[in-house]
Structure formats: structure tokens, C-alpha cells
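This is what each chain is made of:
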Amino acid sequence: MIKDFIINDYRGLKNLTLNDLNKINVFVGPNNCGKTSILEAVILSGLFDDIDLLADTLKSRYHNFSPEYFKSLFPVDHNSAIYIKTRLNNSNKTLHTNLKYDKSQMINNDDADSISDIYELQFLCSYTDIIKDDPKNFSIRFENVKDGLKIVTGKSPDNDILNLHIPCKFVSFSRFEGTSRLISDVDKILEQNLRQKLIDILKIFDDKIINFEIVGKDRTIKLFKENQNAPLTLYDYGNGMYKAFFIATSALLSKNGILLIDEIEAGIHNKALRDFIEKLLDVCSVNHVQVFLTTHSLETIDIILDDCQSQLDDISIYHIRSKELRTIAKKYSGKKLSTLRNEIGFDVR
Amino acid sequence: MYDEYKQTLYFSCRGYYGLFSSGSNPRKIETNELSSLFESMIGKYPPSTGELKRQDSPTFYHKDNVSVAIKQTGGCSNIPIQISLLSEIIDKLDVYDTFGGFLIFCDTDLKNKEAIKEDFSKKFQSEGILFKNNQLEIYGNPVPCKLYLFPTSGVGAIEKLLLECSYISYNNLCQDAKEYRDKIMTDDYQELRKDCWAKKDSIQEFYSDKVQFGAISTVLKPDKPVRFAIKDKLIKKKYFDKYMALPEFKKLHNFLQNNLV
């Protein structure tokens, strides 16, 4: 479990400190205060040996990722590198992650007259304050080719420092294009015999669902219902079901790891929201998953507080805002916020 | 709308409404005119899953460059915790610069004034707030907080002041109510008073003020006899100069003038 997290500089987040993180961490605040950026920064901390997740996170906001976005994310200035400090619960050590961005050029093999831009994001990780440009640290390389940016995953993170293997899943409402990741996640669900657990969650949205399969050459997810011969594809359902499928799959695969969900309530009707969140938190509790959520919904906050009445100590709610040159996170314990909500109808958003 | 006004004060009191003024009357503010601070004080409560309970919003007034929120706390002992909860709104919105402070109005009842102030300090301290020298310290930020106890001399409650004003506004009615009060204070009703009010004789006088005021309220507002309040125009503008001749009224007026203007 991540205990403390400090983001020096990433997107709009400046000098943000999150101490004593909890099992369930909820981030609220106005638009553009940096809630989603916090989730992205957790992934960019370098804790997780999932290069695809890292690459997807960088591209997630943009329909067509291009070098222009790289420039805005990572200024080519040694002093402006992102610096993230992470302390894990089961260790007294603090992992320092310094992200450096480098740009270079190379001559294309196929066409000697053509020069490509290369962008490299280097994850320099260390358990001390001294960050060395060590070849053991891993990097992701993006090559600017004709059709866009090609990700060439650089050195694999098979170094001793990052031998952590912490599972991590990131679900964002805007990342519906991650279908290929959903299919591979469903494969893992089936491999790990978690089929029934997933069906139990999907029944919240349609209680007639009895099964699901990945079918055909194009590997479409199909859902089977009681008294219905022809199954429906996941796309036949609305966005709420699609998102719930994604979240539920991610939660089940995050055992002993971290689950990050952006705007959990988006697309889910309020009648299903309570049951869904309760089920989700139950899965996370049983599987020792540390949860990071963002939300704009007071209803979602009330459901979480209500569901965890006997475990309010396991919840922290952070209100994020910018002030002068810093990002401030005002922390409320589950107990404190529950009192504020009930006594004065406090709106923490 | 009123964020630009410096003096945005909040009353936390036992149940008294209204602003005392020799000028124009304060205007009740509509919901869509509220500042972000006052709007946040209205409260968005979670759906009730248990016993239904009434949730009061403050009442808001505005006059000249002063905006006021008035809230009942259901007893003086609840005031520190209520202010502690409301201070979270001030902190979240970071409006320390524009928030004028808290005014607390409380009855002395039969207690010693110093003991009441000490009790307030302890209760604030248990909420993590320092209360000293008419000031609260909220997350390291100083916020003015002044305490006004009724009456300013002796012991009692606001009913003493209300009765003094009632003698001016409704003299005949007040005199008749006094006769009723005196009758209830005779030996004929001693057993009833001991059963319903208090055993001690010293406390009987305290409750008799409430009886007299209750009798007046019953006549002035027969459909809701126990809910007559200052905002129902017990205090009339035309008698303002006569009210100001009452020491207790003058003290209260001056306190409000000094802290609101």
C-alpha cells in the first residue's frame, strides 16, 4: 500500500504532498484542479512493471498522441523533470522517481534521407535522494513515424530496485478506446477462475445476465441472458454497463495492488450506483486492494461513507485546489467527513 | 454576490432573529443572491436512512455593506461544536480575509459569566480550536469571535430584555400578563411549579419571566403561541428611542453597532 506520495511537478500539480494515504482514498475538487493528474502520477511513479500501462497513461488524454503533447507534458529542461516520492506501507524506504525527458533524432533505416524524432521518457528510480542516470532504470521510447508516434518500449524494468511487482489498474471514463486491454483483462479473469465473481457484479446492472464469453475471430465480449437465445455484445449495452464491466474486471485483477478509478459515478444510474460501489469496495477489501478514486458526486461520497460506517478509519477524502505556486490537498478522515455531512450538510467538493 | 463585502458575520445564537437598527431595515437575502460562503452554509444533507430530523438552514440578511447569517443551535452548549463544523467551510473556501467573524448570543441562565466563558474555551479546545481574547484560531488563522451574554448584569435570559421592550410596545398587555404571572407565583401553584419548573425557589423567578412572555406571545400569535420571536415585530421601529432608554437594550444595540458596522 502506498503510504505517502509527493508530486513535485506534473501537469498543474505543484509541490503536492499526500501523507498517510488510506485503504480508500477519494479525491474531489473543481474541474482542472488535478484529480486525474494525481492518478496518472501514481502510475508514473515507476512502482509498476507494466510498460503498456505507463504508455497508455501518457496517451490517455489525447485522441492522437503527438510530439506536441510531449513538449507540454515534459519541458526539455533538466530542472523541470517530474519528481515523485513514494513510501510503501510495508517498508521504511522511500522510492524517489525522477522522470526525465530527452529528445533526439535518428536516421531511418529504410530511408536514409529521412530523420525521425525520438522522445525518451526515463524513469530514474532510487531509494535514496541521489538520482543517478543508471542504465538499470527503465525508459519508454517514442519514435515519430509517418502514422504518428510508435512506442518502442525501451529497457525492461528487470532491475533490482524495482522488483516490486505491484498490480495496478487504471480506469478512466475517457479511456473507452482501451478495448484491447479489456479483452486481455477478461482473458486473465477467465484464467484465474474469477468468472462468477464478475457475473455477480454485472447482475447489479442486469439481473438476467448468466454468463459472458469472448467470441469469434474479432474477439468480441458477449453477454448471455436468461431466456434469451442470442447473446448481446457489450456494445449493445449502454456506457454504464461498459464502464462497470471495465471497473469490475480491473478490481478483480488488482489483488494486493492498486486500483485507480477516475469519475467512478460517470455513466452509472443512481439506482445502480449504491449496489455497484458497495460490491466494488467489498471486492477491494477482500483482495487487499488500495483504492484511489476521483468523483464529482456527493452521492458517491455519501454511499462510500455509509457503506464503510464500521470502517471510517479506512477512508480519506482529499479536497484538491491550487493556491499560489502550490497544490493543496485538504484531508478529511472518514469519521470527520461523516460528521460534517450529517451535522451541517457539508459539501466537500 | 456579497463576497466583496468585508463584514460577513455569522450569528450563532439560541434563537434570536433580526438586526437592531435605527436606519432602514435589513433585507432578507434570497438564495440566489448568496455568497459562496453563505450558500455553503445552507447544507446539502445525505439522504436520511434513520430517524427523520429537522435540518435548519441559517437565515441571511443584508444591509449596507454587512451580510449576516443567523443560526439557532438548540442550546448554548452546542455552539462550540457548531462553530467548529462551520469553520471547515471557511477553511475549505479559504475566505479568512473576507469573513468578519462570529457573534455568539447566549443566556446566562443561573450561571456565573466567567464560568460560561471558561466552559466555552474548554469546549472549543476539545474541537481543536483556541478561543482567547475574543478570537478563535482556526487552522492557524485568527477569526474574531465575540460572546454576548443576556443579561449583561445579573442572571437570567433574553426574556428579561424582551419583557422590558414589551412594556413599551404593548404596555397594557404586559401589565395584564404580569398579573397572570404574579398569580402563578402564589402558594396556590407552588406544588405545580416545583413539579414542572424546578425544586429551588431561586429558579422559580427565572421561569416566571418565561411565563409572562409566553402569555404575551399567546395573545400576539395565538396560532403559534410559543414561537413568537423578535422577527415577528415585537420590537417596533417607532419605539426605538424608548428602547434605547432601557440599559439592557442599549448595551445590546451598541454591541451590534460596534461589531457589525
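The numbers attached to residues start from 1 for each chain and follow its sequence in the written order. Chain A is the first chain written and ligand 1 is the first ligand written, with later ones labelled in order. Reporting of local features is limited, given that this is a predicted model, to residues whose pLDDT is at least 70; pairs of side-chain atoms are given and counted only at 80 or more, and all residues count toward the totals for whole chains, interfaces and linings. Excluded from the side-chain calculation are hydrogens and water; included are all heavy atoms of the structure.

1. Considering the overall build of chain B
Inclusion rule: To qualify as a helix, a DSSP run of H or I must reach at least 4 residues; to qualify as a strand, a run of E must reach at least 2; elements of each kind are numbered from the N terminus. Per-residue accessibility, obtained with a 1.4 Å probe over protein chains only, is compared with the maximum for each type, and a residue is labelled buried under 20%, exposed over 50%, and partly exposed between these values. Here a residue-residue contact requires only that any non-hydrogen atoms of the pair lie within 4.5 Å. All accessible-area figures derive from a Shrake-Rupley calculation using a 1.4 Å probe, and residue coverage is judged against the displayed protein chains alone.
The number of helices and strands found in chain B is 9 helices and 8 strands. Within the span of chain B, comprising 261 residues, buried residues form 46% of the whole. Pairs at least 24 residues apart make up 71% of the contacts formed inside chain B by residues separated by at least 6 positions. Element-wise, carbon and sulfur atoms account for 48% of the exposed surface of chain B, whose accessible area totals about 13900 Å².

2. Observations regarding the pairing of strand 2 (residues 13–18) of chain A
Residues and elements named next belong to chain A. As a reminder, the rule being used: Should DSSP find at least two bridges between two strands, the strands are regarded as paired.
Pairing between strand 1 (residues 2–10) and strand 2: 5 bridges, direction antiparallel. For Phe-5, the partnering residue across the bridge sits in strand 2 and is Leu-18. Where strand 1 hands over to strand 2, the hairpin turn is made up of 2 residues, of which Arg-11 adopts a positive phi near 50°.

3. Notes on the interface of chain B and chain A
Put simply, the rule is: Put simply, buried area is how much 1.4 Å-probe accessible surface two parts lose in total, over both of them, once they are put together. What counts as a salt bridge is simple: a side-chain nitrogen of Lys or Arg found within 4 Å of a carboxyl oxygen of Asp or Glu. Polar contact is the term for a pair of N or O atoms within 3.5 Å; when the atoms are in protein, one must be able to donate a hydrogen and the other to accept it, and sequence-neighboring residues count only if both atoms are side-chain atoms. Amino acids are sorted into nonpolar (Ala, Val, Leu, Ile, Met, Phe, Trp, Tyr, Cys and Pro), charged (Asp, Glu, Lys and Arg) and polar (every other residue, Gly among them).
Contact residues are listed per partner, giving 15 residues for chain B and 19 residues for chain A. Around 1600 Å² of area is buried between chain B and chain A when both sides are counted, 52% of it from carbon and sulfur atoms. When the buried area of chain B at its contact with chain A is split by residue, Lys-44, Leu-85 and Lys-92 of chain B rank highest and sum to 38% of it. Linking chain B with chain A are 6 salt bridges. We note a salt bridge from Arg-321 of chain A to Asp-94 of chain B, for which the minimum N-O separation is 3.5 Å. On inspection of chain B and its partner chain A, the count reaches 9 residue pairs in polar contact (both at pLDDT 80 or more). When the residues that make up the side of chain B that touches chain A are grouped by side-chain class, the tally is 7 nonpolar, 2 polar and 6 charged.

4. What to know about the pairing of strand 14 (residues 290–294) of chain A
Residue and element names in this part refer to chain A. Inclusion rule: If you view a crossover with the strands going away from you and the path from the first strand over the helix to the second runs clockwise, you call it right-handed.
For strand 14, a buried count of 5 out of 5 residues is recorded, marking the element as mostly surrounded by other parts of the structure. With burial as the criterion, each face of strand 14 is covered, one bearing Gln-290, Phe-292 and Thr-294 and the other bearing Val-291 and Leu-293. Inspection of the sheet shows strand 3 (residues 24–28) paired to strand 14 by 4 bridges, in the parallel sense. Looking across to strand 14, one finds that Val-26 is bridged to Leu-293. Once you follow strand 13 (residues 258–262) into helix 7 (residues 270–286) and on to strand 14, the crossover reads as right-handed.

5. Concerning the confidence of the model for chain B
Any residue range with low pLDDT should be treated as having predicted coordinates unsuitable for detailed reading. Residues and elements named next belong to chain B. What counts is decided by this rule: Each residue carries a pLDDT score, the predictor's confidence in it, ranging from 0 to 100.
Per-chain confidence: chain B averages 79 in pLDDT, with 80% of residues scoring 70 or above. Within chain B, strand 1 (residues 7–13) has the poorest average pLDDT of any element, 45, and helix 5 (residues 171–184) the best, 94. Predicted confidence is poor over residues 1–9, with pLDDT under 50, and the contacts of this stretch with residues over four places away or in other chains come to 43 contacts. Under a pLDDT of 50 for its full length, residues 12–24 has, in the predicted model, 51 contacts with residues more than four places off or in other chains.

6. Describing the environment of Lys-23 of chain A
Residues and elements named next belong to chain A. Among the structural elements, Lys-23 can be located in the loop between strand 2 and strand 3. Taking the C-alpha atoms as reference, Lys-23 lies 30 Å from Gln-122; in sequence the two are 99 residues apart. Excluding residues within four positions of it along the chain, Lys-23 makes contact with Met-1, Val-289, Gln-290, Val-291 and Asp-314.

7. Here's the deal with helix 3 (residues 113–126) of chain B
Residues and elements named next belong to chain B. Test applied: Take the residue count of a helix, subtract one, and multiply by 1.5 Å to get its expected span. Within this analysis, the arc is defined by the directions that extend from the helix axis to the C-beta atoms.
Under the 1.5 Å per step criterion, the end-to-end length of helix 3 is 20 Å for 14 residues, consistent within 8% with the ideal 20 Å. Those residues of helix 3 that fall on the buried side of the exposure criterion are Ile-116, Phe-120 and Phe-124. The buried residues of helix 3 occupy an angular sector of 70° when the element is viewed end-on, so they sit on one face. Along helix 3, exposed side chains directed more than 90 degrees from the buried face belong to Glu-114, Lys-122, Gln-125 and Ser-126. Tucked inside the fold, the buried residues of helix 3 contact helix 2 (79–93), strand 5 (99–107), strand 6 (130–132), strand 7 (135–138) and strand 8 (141–150). Of the residues that open helix 3, the one with a side-chain oxygen 2.9 Å from the backbone nitrogen of Glu-114 is Asn-112. Phi turns positive, to about 80°, at Gly-128, one or two residues after helix 3.

8. Quick notes on the sheet that holds strand 15 (residues 315–323) of chain A
Residue and element names in this part refer to chain A. Applied cut-off: Axis definition: a line fitted to C-alpha atoms, limited for helices to the stretch in contact. Angles are taken between N-to-C directions and run from 0 to 180 degrees.
Strand order in this open sheet of 6 strands is 9-13-14-3-15-16, and the pairing throughout is mixed. A single partner strand is all that each edge strand has here, and the edge strands are strand 9 (168–172) and strand 16 (326–333). In this sheet, neighbouring strand axes are inclined to one another by 15° on average, regardless of whether the strands run parallel or antiparallel. Pairing analysis gives 8 bridges linking strand 15 to strand 16, with the strands arranged antiparallel.

9. So, the nonpolar core
Using the following cut-off: Here the nonpolar core consists of buried residues drawn from Ala, Val, Leu, Ile, Met, Phe, Trp, Tyr and Cys, with membership extended through side-chain atoms lying within 4.5 Å.
Formed by 89 residues in total, the largest nonpolar core has its most connected members in Phe-245, Ile-317 and Leu-337 of chain A together with Phe-120 and Leu-136 of chain B. In contact with Phe-245 of chain A, not counting residues within four places along its chain, are Leu-182, Val-186, Leu-198, Leu-202, Phe-212, Ile-221, Leu-223 and Leu-234 of chain A. In terms of nonpolar packing, the next biggest core, distinct from the first, is built from 44 residues, Leu-73, Leu-99, Phe-123 and Ile-320 of chain A among them.

10. Comments concerning the packing of helix 9 (residues 334–344) of chain A against helix 2 of chain B
Put simply, the test is: Should an angle fall under 35 degrees it is taken as roughly parallel, and over 145 as roughly antiparallel, whereas 65 to 115 is taken as roughly perpendicular and any remaining angle as oblique.
Axis separation between helix 9 of chain A and helix 2 of chain B bottoms out at 11 Å; the angle between their running directions is 105°. The pairing of helix 9 of chain A with helix 2 of chain B is recorded here as roughly perpendicular in orientation. Across the interface between the two elements, Lys-336, Thr-339, Leu-340, Glu-343 and Ile-344 of chain A from helix 9 of chain A touch Gln-82, Leu-85, Leu-86, Glu-88 and Ile-89 of chain B from helix 2 of chain B. Here the contact of helix 9 of chain A with helix 2 of chain B is composed, by residue class, of 5 nonpolar, 2 polar and 3 charged.

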